[in-house]
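# A look at the structure
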Amino acid sequence: MTILNKIPCTIVTGFLGAGKTTLVRHAVEHNDGRRLAIIVNEFGDVGFDGSLLAECGIPGCDADAVVELPNGCICCTVADDFVPALNKLLDRPEPPEHILIETSGLALPKPLVQAFNWPAIRSRVTVDGVVAVVDGPAVASGAFADDPEALAAQRAADASVEHENPLEEVFEDQLLCADLVVMNKSDLLDEGERARVRAEVEAHLPRAVKLVETAHGALDPRVLLGINAAAESDLAARPSHHETEEDHDHDDFESVALPVRAAGSPEDLAGRVAKAAEVAGVLRIKGFCAVADKPMRLVVQGVGRRIAHHYDRPWRPGEHKDGTLVVIGLTGFDKEAVAAALKG
């Protein structure tokens, strides 16, 4: 089977909270009738992004079109989770015309790209492109920068040390594999900040890669889809700190799902989430909650100290309204302090 006969897949990677789900949703909403399927991977064991997509109300974006793979990074569960999920989509009576694969924010894309050479799927699919979504304000704030002095001290003790900041290593691996970089949330940056973020991103790229700026993930699907990279055949041009599925782990990060009581108002919950985000090592908070006397489900998301919330849909009759927030952070972050902050 030639590449023209294979079903194209777009891998959407990017660090926690960069805006991957928003980008995917926009692509589906402006997809002009193409039959799409979406595979969504979550680092934690509670689904969130897949639910947001499956329940977004956009035609073609429903539970049948969205496959959720929670409880671990897709780069570590290729054989057990990803390949079987992909084959189920391909074996449908009407298989998708294009598949969007949204990785977790901590996943490394190269092991996933390598999986497309597995005998079980290599004749059926191709990696149309790897798209790295970058959180512009996070880069501008130095979230992914190494501490040069600390790194030098570590290297003096151990020459094999590459990065002092575990976020930097994941961020760089995602960029090293990219065919397209999307600098999201550019509307939150001034001209000078955008130039600095561009320069930092380009410094990580191993080759010429297109970089586009977006706000709220609003990128024309004609730019996102149809790159025709056949990335699985171009692995040598995509260096990585971890070349194989077995060559890495995620010991630097952990997650916990915490119950949260109904909020008196969205601002009440946002205030509690903001306090939880101040706990050292917390990187990402996301989940759903009930608001007193409101028929709608509240979505809340925190990226660093930036908190956002909105209502996404009505609660269903008989649906449990117990709120749950997933908190992802550096290993060892104080979960009790986070839980206390969320209780208010």
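Residues numbered from 1 in each chain as written. Predicted model: local features only at pLDDT ≥ 70, side-chain atom pairs only at ≥ 80, totals over all residues. Heavy atoms only, no water.

Per an unreviewed UniProt entry, the recorded name for the protein is Cobalamin biosynthesis protein CobW, and the organism is Methylobacterium nonmethylotrophicum. Its UniProt record, at the heading Catalytic activity (unreviewed entry), says of the protein: "GTP + H2O = GDP + phosphate + H(+)". According to the UniProt record, the Function (unreviewed entry) comment for the protein is "Zinc chaperone that directly transfers zinc cofactor to target proteins, thereby activating them. Zinc is transferred from the CXCC motif in the GTPase domain to the zinc binding site in target proteins in a process requiring GTP hydrolysis." (UniProt positions renumbered as here; feature names shortened; annotations may be inferred.)

With that settled, consider the sheet that holds strand S8 (residues 253-260). Spatial ordering of the open sheet is given by S8-S12-S9-S10-S11, a layout of five strands whose pairing is antiparallel. Both edges of this open sheet fall to S8 and strand S11 (306-314), since each of them pairs with a single strand only. Recorded for the sheet is a direction-independent mean angle of 15° between the axes of neighbouring strands. Direction of pairing for strand S10 (residues 296-303) relative to S11: antiparallel, over a ladder of eight bridges. Each bridged residue has a counterpart across the sheet, and for Gln301 the counterpart in S11 is Ala308. Strand contacts of helix H7 (residues 166-176): S8, strand S9 (282-290) and strand S12 (323-330), with the helix running at about 100° to S8, the strand carrying the most contacts. (Pairing = 2+ DSSP bridges. Helix = DSSP H or I, 4+ residues; strand = E, 2+ residues; numbered from the N terminus. Axes fitted to C-alpha atoms, helices over the stretch in contact; angles between N-to-C directions. Contact = heavy atoms within 4.5 Å.)

Attention now moves to the nonpolar core. Core analysis: the biggest nonpolar cluster contains 27 residues, and Phe15, Leu175, Val181 and Val201 have the highest contact counts within it. Looking at this core, the elements with two or more residues in it are strand S5 (125-135), helix H5 (136-140), H7, strand S6 (180-184), helix H8 (191-204) and S12. It is H7 that provides the largest number of residues to this core, a total of four residues. Of the domains in this structure, domain 1 (7-237) and domain 2 (253-343) are the two that each give at least three residues to this core. Ignoring any residue separated from it by four or fewer positions in sequence, one finds Val181 in contact with Ala132, Val134, Leu175, Val201, Leu205, Val209, Lys210, Leu211 and Val212. One finds Ala37, Ile99, Phe116 and Ile121 within the second-largest nonpolar core, a separate group that totals 25 residues. (Core = buried A, V, L, I, M, F, W, Y, C linked by side-chain atoms within 4.5 Å. Buried < 20%, exposed > 50% of the residue type's maximum accessible area, 1.4 Å probe, protein only. Domains from an automatic or database assignment.)

Another aspect to go through is the packing of helix H10 (residues 266-277) against helix H11 (residues 335-343). Geometrically, a packed helix pair is captured by the angle between its two axes and the distance between the axes. Between H10 and H11, the least distance of the axes is 7 Å, while the angle of their chain directions is 160°. Viewed along their axes, H10 and H11 adopt a mutual orientation that is roughly antiparallel. Crossing handedness for the pair H10 and H11: right-handed. For the pair H10 and H11, the contacting residues are Arg272, Val273, Lys275 and Ala276 in the first and Val338, Ala341, Leu342 and Lys343 in the second. Its residues assigned to classes, the contact of H10 with H11 comprises five nonpolar, no polar and three charged. (Parallel < 35°, antiparallel > 145°, perpendicular 65-115°, else oblique. Left-handed = near helix turned anticlockwise from the far one by under 90°. Nonpolar A, V, L, I, M, F, W, Y, C, P; charged D, E, K, R; others polar.)

The next subject is the packing of aromatic side chains. Under the counting rule described, the total for this entry stands at three aromatic pairs. Both rings, one in Phe15 and one in Phe144, keep their centres 5.2 Å apart while their planes meet at 80°; by these two values the pair is edge-to-face. Separated by 129 residues along the polypeptide, Phe15 in the loop between strand S1 (7-14) and helix H1 (20-29) and Phe144 in the loop between H5 and helix H6 (148-157) bring together distant segments of the chain. Phe144 matches Phe15 in its accessibility class, with the two residues each being buried. Between the aromatic rings of Phe144 and Phe171, the centroid separation amounts to 4.3 Å while the plane-to-plane angle is 5°, which identifies the pairing as stacked. One end of the pair, Phe144, is in the loop between H5 and H6; the other, Phe171, is in helix H7, and 27 residues separate them in sequence. (Phe/Tyr/Trp six-rings, centres within 6.5 Å; stacked < 30°, edge-to-face > 60°.)

The next thing to look at is the pairing of S10. Of all eight residues that make up S10, six are buried, and the element is covered over most of its length. In the sheet, S9 pairs with S10 via seven bridges, with the strands oriented antiparallel. Residue Arg284 lies in a different strand from S10, and its bridge partner there is Val303. Once S10 ends, the chain turns through two residues before running back antiparallel as S11, passing Gly304 with a positive phi of about 60°.

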